[in-house]
Amino acid sequence: MSSHNNLGLHLRLKDNLASLVEEAQLLELSCIQFFLVEQKNHQYITFSPKDKQIFLSARQSFLKDVFIHSSYWINAASSKKDVFNVSRALLRREIKTAKSLEIPYLVLHAGSSKGYTATPEDPLGKTQGLQTLARMLNAILKKESDVTILLENAAHGSKTLGNDLNDFLALKGYLDFPEKIGFCLDTAHAYAYGYALSPIDELLAFVDKTMGLASLKLIHFNDSENLFGSMQDKHAFPGAGEIGQDMLAPFLHHPSIKGLPKIIEAPVSSRQKLLQIIESVSSW
Ligand SMILES: [Zn+2]
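What comes next is a walk through the structure. (Residues numbered from 1 in each chain as written. Predicted model: local features only at pLDDT ≥ 70, side-chain atom pairs only at ≥ 80, totals over all residues. Heavy atoms only, no water.)

Along the backbone of the protein there are 10 helices and 10 strands. For 284 residues, the compact-globule formula gives about 19 Å, and the C-alpha radius of gyration of the protein, at 18 Å, lands near that figure. Principal-axis analysis of the C-alpha atoms gives the protein an extent of 55 × 45 × 30 Å. By residue count, 52% of the 284 residues in the protein fall in the buried class. Put simply, of all contacts in the protein between residues at least 6 apart along the chain, 76% involve residues at least 24 apart. Entry remark: accessible area of the protein is about 12700 Å², with carbon and sulfur atoms responsible for 51%. Each charge class in the protein was averaged separately, 29 positive and 30 negative side chains, and the resulting centres sit 8 Å apart. (Helix = DSSP H or I, 4+ residues; strand = E, 2+ residues; numbered from the N terminus. Rg over C-alpha atoms; globule rule 2.2 N^0.38 Å. Buried < 20%, exposed > 50% of the residue type's maximum accessible area, 1.4 Å probe, protein only. Contact = heavy atoms within 4.5 Å. Areas by Shrake-Rupley, 256 points an atom, 1.4 Å probe, with all protein chains shown as cover. Lys, Arg positive; Asp, Glu negative; His and termini not counted. Charge placed at Lys NZ, Arg CZ, Asp CG, Glu CD.)

Written out as structure tokens, the structure is:
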């Protein structure tokens, strides 16, 4: 199945895992990402043993690469103690679910340094934010070896952590288990934040210095509705946004990242439209 190599899609979870599997099959995807939160009621999915079985057998047969995108309820760097504690419980819950579905990766946004003390050397208070994030990851990863958390770069400015890729380099200094952390590079976020995607060699050299290419496990292969450096996060279909095919295509073919799954986080669209996008991008 799937002639689309490592190209995949973010799918929306509707009623159960079986319908997610069916959707992946209809779209001929071997690579998907989804939230554990159901679209219709904004609650975590609960699945029956049978439903789980359907998913696990699809994992065996054709769903080669599967990623969970953690919910936006989680703020892993929060300066508020109650938010931090709730986030830790949710993160544990999502990891447990991922494990039960034999999904090895959970994508997580790094959060924000809102509420932390700014200093002349650190005007955004990012150091404390990153230390809090590290505290969260250290607590979670102490007893976890089946699921790798993938931190994703962000588009937004100011106190958002992980917009500047150097934040990840700083974070590593506070991690007890840096080998249990991986990264996800979102092309739209990088572009909107103000990273030139071309020449790709230069960008990947910087990614290697900060995230580390060996720790990069996933590309979010998105175009951007918003301008370069706008710090606004709105995805467009690959080739239909400000980045465009010429700058995006090298992310499919560059030898350093050729083998990595590339997931398109497309605007809500019909199955037909999605099939057309996948078809078109795989011919680039
Ligand atoms: Zn993304």
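Still more to cover.
We now examine the nonpolar core. Residues F34, F55, L137 and F221 are the most contacted members of the largest nonpolar core, which totals 83 residues. Not counting the four nearest positions on each side in its chain, F34 is found in contact with H10, L11, L13, L17, L20, F55, V66, F67, I68, H69 and I103. Counting 7 residues, the second largest nonpolar core, distinct from the first, contains C31, F67, C184 and L218. (Core = buried A, V, L, I, M, F, W, Y, C linked by side-chain atoms within 4.5 Å.)

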